[in-house]
Protein chains: 2
Amino acid sequence: MERLNLGLENGFTTLLKTCLDQKKTVLLVGRCKVDYVGRARSTLEYGDRIILVKEDGSIIVHRPYGYQPVNWQPPGSVFHIKKMGERYLLKAVRRKPQESLEVTFTHIYMIQGFSLKDEGKFSLHVTELEMKEALTLKPDLLEPGFKVLRPEKPVPPGFVDLYGLDKEGRRVVVELKRNAADRPAILQLYKYIESLGGRGAVRGVVAAPCLAKGAQRLMEQMGLEFKRVDPKECAKVLSSTDWRTRSLSEYMGERTV
Amino acid sequence: MERLNLGLENGFTTLLKTCLDQKKTVLLVGRCKVDYVGRARSTLEYGDRIILVKEDGSIIVHRPYGYQPVNWQPPGSVFHIKKMGERYLLKAVRRKPQESLEVTFTHIYMIQGFSLKDEGKFSLHVTELEMKEALTLKPDLLEPGFKVLRPEKPVPPGFVDLYGLDKEGRRVVVELKRNAADRPAILQLYKYIESLGGRGAVRGVVAAPCLAKGAQRLMEQMGLEFKRVDPKECAKVLSSTDWRTRSLSEYMGERTV
DNA sequence: CGTGCCAGGTGCCAT
DNA sequence: ATGGCACTTGGCACG
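In this report, the structure presented in the accompanying data block is examined.

1. Remarks on the sheet that holds strand 11 (residues 158–165) of chain A
Two pairing modes exist for strands in a sheet, parallel and antiparallel, and in both the strands are linked by backbone hydrogen bonds. Residues and elements named next belong to chain A. Read across the sheet, five strands follow the order 10-11-12-13-14 without closing on themselves; strand pairing throughout is mixed. Each end of this open sheet is capped by a strand with a single partner; those strands are strand 10 (147–155) and strand 14 (225–228). Across the sheet, the mean angle from the axis of one strand to that of its neighbour is 35°, orientation sign disregarded. Bridge analysis of strand 13 (residues 202–208) against strand 14 gives four bridges, and the strand direction is parallel. If you follow Ala-208 over to strand 14, its bridge partner there is Arg-228.

Written as structure tokens, this is what we have:
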């Protein structure tokens, strides 16, 4: 970590340009207004905010409350910096879609550049992908005798989460949800079934921790089955075994065939 | 704006606790690892990051790249601060769902508290709501002679965006999309039509700037019509008139009747 | 409070 | 590039 703080007297524009040139991350705190034009359009009146300008050309404007940024521009944006009389202008533009974010400062309370080294690995568990992996390795988690033929089977409208055979040899199409299975999930499964020859030809199974409120009736109407699957249970299966380490990622890698 | 920077020697824990007690926003830059457990679970190995701790009890961890935070906890979280030997611990817990975020610092490059005053008004334009407002005020934008009977008509599965009559007096159900109308939107409209007596009884119209890729065929299959509506055109209608200022919001406010 | 739907959604990976 | 889809989705409005 290397720090850069030229002080405000040295100039907002100088510091900011230096940081951007050197691909440093800049932390700004100041009183500003924000105007955004692009897919939509927004205005934010003057107030105190925190602004992050990152090495990759992204910018995020945070109010002193709330989880979400009030305005932003994604990585790859191009910055323009200007001093306009008493005010400082920071503009971030991206193309495709053409969007522009303009931050106008009346006061800058803090500006500081940092060279941050962050190569730490991030890993997320208990995702739908992990559920799919677990069910591929231990299909019994879905039902005894179930065999996975293909995870991510492509069908005309999209991708089936799991495709396999039950112990009687019938084809099974599985729609997997990490959260409660809702109406859209069920309708999606139904579409897949239709494109695979209809209900007579394949079994339709919704695998999820539970069903959403209105989903039960829809399930029955469409003649689909619900199988309870616990995401944490799936994650545990993966972490408790070491078969995952290599063999699974390879196996899952073949799903595109 | 009031600034608080006691310096590191004064103690990470002291400063942080003071800031949280006084409901200040804290900016932190340091080398840390992050562990999250809750709906899912994640680990982030050591690296340099920026942490925002806001007045409302939210915390956001940013890597030096990317638009999205790598870890976070929403407003209302409860913080626990501890010094563990050479390391500093910042833990944010929320209930419902029960989730915990733990940031462990080995180095703190900067820590600073700010009392930020931000009452600036934020407004976003050209939302789906504004399109609906525009079409309600100028139904001709949809098609000549169209009349809106009710925005947001409630039907068993949900709410119809616009409900009205065409110039021949036929009932029209409109599904409105600010972006390209996709399959789910079309299926949704179809559900509404079924619950209103089926295709013979009402016209089904998808109003959007354009159709998503595979949507055309589905539209035809279901016997629905597509009407191009330009969000910018809608915005112009709203901005070029001042009828919006009060009267419309009141009118729209009655939609729940 | 749960439930449903929108978002400047974003991100990831597929063809 | 575009399409399909998950996300610790978050957010809001409504029953």
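Having seen the structure, we can now continue with the description.
2. Things to note about the sheet that holds strand 13 (residues 203–208) of chain B
Residues and elements named next belong to chain B. With respect to topology, five strands assemble into an open sheet ordered 10-11-12-13-14, the strand pairing being mixed. For this open sheet the edge positions go to strand 10 (147–155) and strand 14 (225–228), each flanked by a neighbour on one side alone. Pairwise comparison of adjacent strand axes, ignoring direction, gives a mean angle of 35° for this sheet. Note: strand 10 against strand 11 (residues 158–165), seven bridges, orientation antiparallel. Across the sheet, Arg-150 pairs through a bridge with Tyr-163, a residue of strand 11.

3. So, the interface of chain B and chain A
On the side of chain A, 57 residues touch chain B, which itself brings 57 residues to the contact. Between chain B and chain A, the buried area comes to about 5000 Å², and carbon and sulfur atoms account for 59% of it. In this structure, the connection of chain B to chain A is made through four salt bridges. Taken together, the elements giving at least two residues each to the side of chain B that touches chain A come down to strand 2 (25–37), strand 3 (41–53), strand 4 (59–62), strand 5 (71–73), strand 8 (99–115), strand 9 (122–125) and helix 3 (183–195) of chain B.

4. Examining the relation of the copies chain B and chain A
Least-squares fitting of chain B to chain A yields an RMSD of 0.4 Å, with the transformation described by 0.1 Å of translation along the axis and a rotation of 179°. Expressed as a symmetry operation, the mapping of one chain copy onto the other fits a two-fold axis. Closest approach to the rotation axis within chain B is made by the C-alpha atom of Pro-184 of chain B, at a distance of 3.7 Å. By residue overlap, the copies meet face to face through one surface: 98% of the interface positions of chain B are interface positions in chain A.

5. Some details on the packing of helix 2 (residues 128–137) of chain A against helix 5 (residues 231–240) of chain A
Residue and element names in this part refer to chain A. Relative orientation of the contacting elements helix 2 and helix 5 amounts to 65°, with a least axis distance of 8 Å. Judged by the sense of rotation from one axis to the other, the crossing of helix 2 with helix 5 is left-handed. The residues of helix 5 that touch helix 2, namely those facing Glu-130, Met-131, Glu-133, Ala-134 and Leu-137, are Pro-231, Cys-234, Ala-235 and Leu-238. The residue inventory of the contact of helix 2 with helix 5, partitioned by class, reads seven nonpolar, no polar and two charged.

6. Brief notes about the pairing of strand 7 (residues 87–94) of chain A
Residue and element names in this part refer to chain A. In terms of burial, strand 7 is a largely internal element, six of the eight residues being buried. As defined by bridge partners, strand 6 (residues 78–84) adjoins strand 7 across seven bridges and the pair is classed as antiparallel. Directly across from His-80, in strand 7, lies its bridge partner Lys-91. Counting the residues in the hairpin turn of strand 6 and strand 7 gives two residues, including Gly-85, whose phi is positive at 65°. Where strand 7 meets strand 8 (residues 99–115), seven bridges bridge the pair, whose relative direction is antiparallel. In the sheet register, Tyr-88 faces strand 8, and the bridge partner there is Phe-105.

7. Thoughts on the protein's contact with DNA strand C
The local shell around DNA strand C holds 20 residues, among which Trp-72 and Gln-73 of chain A together with Lys-96, Leu-124 and Arg-178 of chain B are the closest. The separation between a base oxygen of DNA strand C and a polar side-chain atom of Asn-71 of chain A is 3.1 Å. By residue number, the principal contributor to the surface near DNA strand C is strand 5 (residues 71–73) of chain A, which donates three residues. Looking at the surface near DNA strand C residue by residue, the classes come out as seven nonpolar, six polar and seven charged.

8. Examining the nonpolar core
Counting 29 residues, the largest nonpolar core has Phe-12, Leu-28, Ile-59, Leu-90 and Phe-105 of chain B as its most contacted members. Those residues within four positions of Leu-90 of chain B in sequence are excluded, and the remaining contacts are Phe-12, Leu-16, Leu-28, Val-53, Ile-59, Phe-79, His-80, Ile-81, Leu-101, Glu-102, Val-103 and Phe-105 of chain B. Phe-12, Val-26, Leu-28 and Cys-32 of chain A belong to the second-largest nonpolar core, a separate cluster that totals 27 residues.

9. Side note on the pattern of salt bridges
Close approach of charged atoms allows side chains of opposite charge to pair. One pass over the full model with this rule turns up 22 salt bridges over all chains. Glu-99 of chain B is paired through a salt bridge with Arg-94 of chain B; the nearest N and O atoms lie 2.8 Å apart. One exposure class covers both Glu-99 of chain B and Arg-94 of chain B, and it is buried. The network of salt bridges with common partners includes Glu-143, Asp-166, Glu-168, Arg-170, Arg-203, Glu-225 and Lys-227 of chain A.

10. Some points on the pairing of strand 4 (residues 59–62) of chain A
Sheet faces and side chains relate simply in a regular strand, where the side chains alternate between the two faces. Residue and element names in this part refer to chain A. What you see with strand 4 is no split at all: Ile-59 and Val-61 on one side and Ile-60 and His-62 on the other are buried throughout. Where strand 3 (residues 41–53) and strand 4 come together, four bridges link them in antiparallel fashion. The residue of strand 4 that forms the bridge with Ile-51 is Val-61. Strand direction decides the pairing type here: strand 4 and strand 5, joined by three bridges, are antiparallel. Each bridged residue has a counterpart across the sheet, and for Ile-59 the counterpart in strand 5 is Gln-73.

11. Considerations on helix 4 (residues 215–222) of chain A
Residues and elements named next belong to chain A. Within helix 4, the full set of buried residues consists of Ala-215, Leu-218, Met-219 and Met-222. Along the long axis of helix 4, the arc covered by the buried residues comes to 105°, so they all point the same way. Residues of helix 4 that are exposed and angled more than 90 degrees away from the buried face: Arg-217, Glu-220 and Gln-221. Buried residues along helix 4 sit in contact with helix 3 (183–195), strand 13 and strand 14. Downstream of helix 4 by a residue or two, Gly-223 has a phi angle that is positive, lying close to 65°.

Rules used throughout
Residues numbered from 1 in each chain as written. Chains lettered and ligands numbered in written order. Predicted model: local features only at pLDDT ≥ 70, side-chain atom pairs only at ≥ 80, totals over all residues. Heavy atoms only, no water. Pairing = 2+ DSSP bridges. Helix = DSSP H or I, 4+ residues; strand = E, 2+ residues; numbered from the N terminus. Axes fitted to C-alpha atoms, helices over the stretch in contact; angles between N-to-C directions. Contact = heavy atoms within 4.5 Å. Buried area = accessible area lost by both parts, 1.4 Å probe. Salt bridge = Lys/Arg side-chain N within 4 Å of Asp/Glu carboxyl O. Least-squares fit on C-alpha atoms with pLDDT ≥ 70 in both. Left-handed = near helix turned anticlockwise from the far one by under 90°. Nonpolar A, V, L, I, M, F, W, Y, C, P; charged D, E, K, R; others polar. Buried < 20%, exposed > 50% of the residue type's maximum accessible area, 1.4 Å probe, protein only. Near = heavy atom within 4 Å. Polar contact = N/O pair within 3.5 Å; in protein donor to acceptor, adjacent residues only side chain to side chain. Core = buried A, V, L, I, M, F, W, Y, C linked by side-chain atoms within 4.5 Å. Arc of directions from axis to C-beta.

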